[in-house]
Amino acid sequence: MSELTHAPAQRRSIGGQLLGGSQLVLGAILAALCIAISIAAPQFYSEANIIAILRQCALVLIVASGMTMLIITAEVDLSVGASLAFVGCIGMAVLNSTHSLALGMLAALAFAGGVGLFNGLVVTRLRVNSLIATIGTMMMLQGGVYLFTREAVQNHNQLASFTDLGAGYVGAVPVPVILAALIFAVAYVTLRFTTLGRYLYAVGANEKAVRLSGLRSERLKLFAFVVTGLCVGVAGMILSSLMNAGQPTAGRGFELTVIAAVILGGTSLLGGRGSLFGTLLGVLVLKVIDNGIIILGWNQDLQMVVPGIVIILATYLDIIRNKANVR
């Protein structure tokens, strides 16, 4: 038990100092980007543009909150983009047939949670590496969505509540931003202040010690997979609301953006170290860059190039941080 309580705690203490420094750097980068883009394009600070950035950040942050938990346990889910698209199609189809937003949301959450559960069982019971397992799931979902529908599932009900899910406001704040803030807050409190959060860090830091202490590390990882799936369910329904349809191709590349944001925020791919506040900064940096590419009139294909570059650089920085931890 002492190995579980002291070793991960010591690692988090050292890692916390490094994460704090990396978050300061990330915050400075974000400020510099905002200043540079606003100088080149003054409309960057317009109300409409800021709301657009916040909506885009909300979708990524919702899934990234779950993904941060998962990567902290030293696992990863590459199927979230394909699941996002499938979720939107299923939710829209149920909404059309039942005329009920609640049932559409339940169907979306059940499917997305089921995908997370499937991934978790493949990893924890069949002992398949999560990278390989979720690539396999991604391929099944990408093909499966076309077996489900060959074209976009259009919204035939025009329910005001469904439209508000993506485009509505509470006061001056977009509904997706509120939902993202709530999910982020729950995830933050869980990781920062609960025993469950400490166990998730411990699994990533030293899974052997967790098992020796009598805890079921498989259940903790399974929990993280399911939470990530449920987050995809929420994001998928918001996206289908924004597009007013379920699009089979909607999630392409989404998983790269989510993982890039989490790694950029300082969460280690080796597990045991990470911060949701860092993830938030990572999401903001990536989406401000995306927005800058658009308003500056650059080639929008760069929006796919940037996450790839970020993943490579952030992984390299993670290697450096891990070497510093060893010292």
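Residues numbered from 1 in each chain as written. Predicted model: local features only at pLDDT ≥ 70, side-chain atom pairs only at ≥ 80, totals over all residues. Heavy atoms only, no water.

A.B. asks: What is the right way to read the environment of Ala245 from this model?
C.D. replies: Relative to the helices and strands, Ala245 resides in strand β4 (residues 245-246). Looking at Ala245, the relative accessible area reads 1%, which means it is buried. The spatial distance from the C-alpha of Ala245 to the C-alpha of Ala93 is 9.3 Å, given a sequence separation of 152 residues. In this structure, Ala245 is in contact with Met92, Val153, Gln154 and Ser240, ignoring residues within four places of it in sequence. (Helix = DSSP H or I, 4+ residues; strand = E, 2+ residues; numbered from the N terminus. Buried < 20%, exposed > 50% of the residue type's maximum accessible area, 1.4 Å probe, protein only. Contact = heavy atoms within 4.5 Å.)

A.B. asks: Is there a simple way to explain unusual backbone geometry in this structure?
C.D. replies: Leaving glycine out, the prevailing phi sign among residues is negative, and the prevailing peptide bond configuration is trans. With phi around 75 degrees, Ala74 is a residue other than glycine that occupies positive phi space. Within the secondary structure layout, Ala74 lies in the loop between α2 (47-72) and α3 (80-98). The backbone phi angle of Arg127 is positive, close to 60 degrees, even though this residue is not glycine. Mapping Arg127 onto the fold places it in the loop between α4 (101-124) and α5 (130-148).

A.B. asks: When you look at the nonpolar core in this model, what are you seeing that I'm missing?
C.D. replies: Nonpolar side chains in soluble globular proteins tend to be buried together. Judged by nonpolar contacts, the single largest core of 82 residues is most densely connected at Ile62, Val63, Met67, Leu191, Met237, Val258 and Val283. With 14 residues, α2 is the single largest residue contributor to this core. Those residues in contact with Met67, other than ones at most four positions away along the chain, are Val76, Asp77, Val80, Thr228, Val258, Ile259 and Val262. (Core = buried A, V, L, I, M, F, W, Y, C linked by side-chain atoms within 4.5 Å.)

A.B. asks: Would you take a moment to explain the layout of surface pockets for this structure?
C.D. replies: Using a probe with the size of a water molecule, rolled over the atoms, empty space left in the structure can be pinpointed. Taken as a whole, the largest pocket holds about 570 Å³ of empty space. Forming the boundary of the largest pocket are 18 residues, of which Ala250, Arg252, Phe254, Lys287 and Asp290 lie nearest the centre. For the lining of the largest pocket, the secondary structure elements donating two or more residues are α2, α10 (217-243), α11 (254-264), α12 (276-295) and α13 (302-326). Residues that form the lining of the largest pocket fall into these classes: nine nonpolar, six polar and three charged. (1 Å grid on protein atoms, 1.4 Å probe; cavity = no way out; pocket = protein on both sides within 12 Å on 5 of 7 lines; lining within 4 Å. Points joined across faces, edges and corners; volume = space filled by probe spheres on them. Nonpolar A, V, L, I, M, F, W, Y, C, P; charged D, E, K, R; others polar.)

A.B. asks: It is not clear to me how the packing of aromatic side chains should be interpreted in this structure. Could you clarify?
C.D. replies: What characterises a pair of aromatic rings is the spacing of the ring centres plus the angle enclosed by the ring planes. Enumeration according to the criterion identifies five aromatic pairs in this entry. Put simply, the rings of Phe86, Phe111 and Phe148 touch in pairs and so form one group of aromatic residues. For Arg55, the ring lying beneath its charged end belongs to Tyr169, and the centroid distance is 5.1 Å. (Phe/Tyr/Trp six-rings, centres within 6.5 Å; stacked < 30°, edge-to-face > 60°. Lys NZ or Arg CZ within 6 Å of the ring centre and 35° of its normal.)

A.B. asks: Hey, could you run me through a nonpolar patch on the surface in this one?
C.D. replies: On the surface, Ile35, Ile39, Tyr45, Ile50 and Leu54 cluster together into a nonpolar patch covering about 490 Å² of accessible area. Position of Ile50 relative to the elements: it lies in helix α2. Residue Ile50 is classed as partly exposed on the basis of its relative accessible area, which comes to 36%. (Patch = residues over 30% accessible without salt bridge, like charges linked within 9 Å, V, L, I, M, F, W, Y side chains within 5 Å. Areas by Shrake-Rupley, 256 points an atom, 1.4 Å probe, with all protein chains shown as cover. Salt bridge = Lys/Arg side-chain N within 4 Å of Asp/Glu carboxyl O.)

A.B. asks: Which parts of the structure should I look at to understand the packing of α3 against α5?
C.D. replies: Two packed helices can be described by the angle between their axes and the distance between those axes. Remark: α3 packs on α5, axes separated minimally by 8 Å, with the N-to-C direction vectors making an angle of 30 degrees. As summarised for this structure, α3 and α5 are arranged roughly parallel, according to the angle between their axes. Of the two possible hands of crossing, α3 and α5 adopt the one that is left-handed. Contacts between α3 and α5 pair Ala82, Ser83, Phe86, Cys89, Ile90 and Ala93 from the former with Met138, Leu141, Gln142, Gly144, Val145 and Phe148 from the latter. Of the residues belonging to the contact of α3 with α5, the class tally is nine nonpolar, three polar and no charged. (Axes fitted to C-alpha atoms, helices over the stretch in contact; angles between N-to-C directions. Parallel < 35°, antiparallel > 145°, perpendicular 65-115°, else oblique. Left-handed = near helix turned anticlockwise from the far one by under 90°.)

A.B. asks: Help me understand the confidence of the model for the protein chain in this model?
C.D. replies: Low pLDDT means the predicted coordinates in that region are not meant to be read closely. Predicted confidence across the protein chain gives a mean pLDDT of 90, with 93% of residues reaching 70 or more. Scored below 50 in pLDDT, residues 5-15 makes 16 contacts in the model with residues more than four places away or belonging to other chains. (pLDDT = per-residue confidence, 0-100.)

A.B. asks: Before we go on, may I ask you to explain the pattern of salt bridges in this structure?
C.D. replies: Opposite charge on two side chains permits pairing when their charged atoms draw close. A complete count under the given rule lists seven salt bridges for this structure. Here Glu207 and Lys221 are joined by a salt bridge, their closest N and O atoms 3.1 Å apart. Separated by 14 residues along the polypeptide, Glu207 in helix α9 (residues 207-212) and Lys221 in helix α10 bring together distant segments of the chain. Owing to a relative accessible area of 22%, Glu207 belongs among the partly exposed residues under this scheme. The partner of Glu218 in a salt bridge is Arg211, and the shortest N-O contact between them spans 3.4 Å. Three or more residues are tied together by salt bridges with common partners; here these are Glu75, Arg127, Glu207, Arg211, Arg216, Glu218 and Lys221.

A.B. asks: Would you mind going over helix α6 (residues 160-167) with me for this structure?
C.D. replies: Residue pairs three or four apart in sequence face the same way in an α-helix, which turns once every 3.6 residues. Among the residues of α6, those classed as buried are Phe162, Leu165 and Gly166. Buried residues of α6, seen end-on, are gathered within an arc of 80 degrees and therefore sit on one face of the element. Against the buried residues of α6 lie α2, α3, α4, α7 (175-193) and α10. (Arc of directions from axis to C-beta.)

A.B. asks: What should I look at first to understand the packing of α2 against α12 in this one?
C.D. replies: One way to put it is that α2 packs onto α12 with a least axis distance of 9 Å and a crossing angle of 140 degrees. One finds that α2 runs oblique with respect to α12. Like other packed secondary-structure pairs, α2 and α12 cross with a definite hand, here right-handed. Facing Asn49, Ile53, Gln56, Cys57, Val60, Leu61, Ala64, Ser65 and Thr68 of α2, the residues of α12 in contact are Leu276, Thr279, Leu280, Val283, Leu284, Lys287, Asn291 and Ile295. When its residues are assigned to classes, the contact of α2 with α12 shows ten nonpolar, six polar and one charged.

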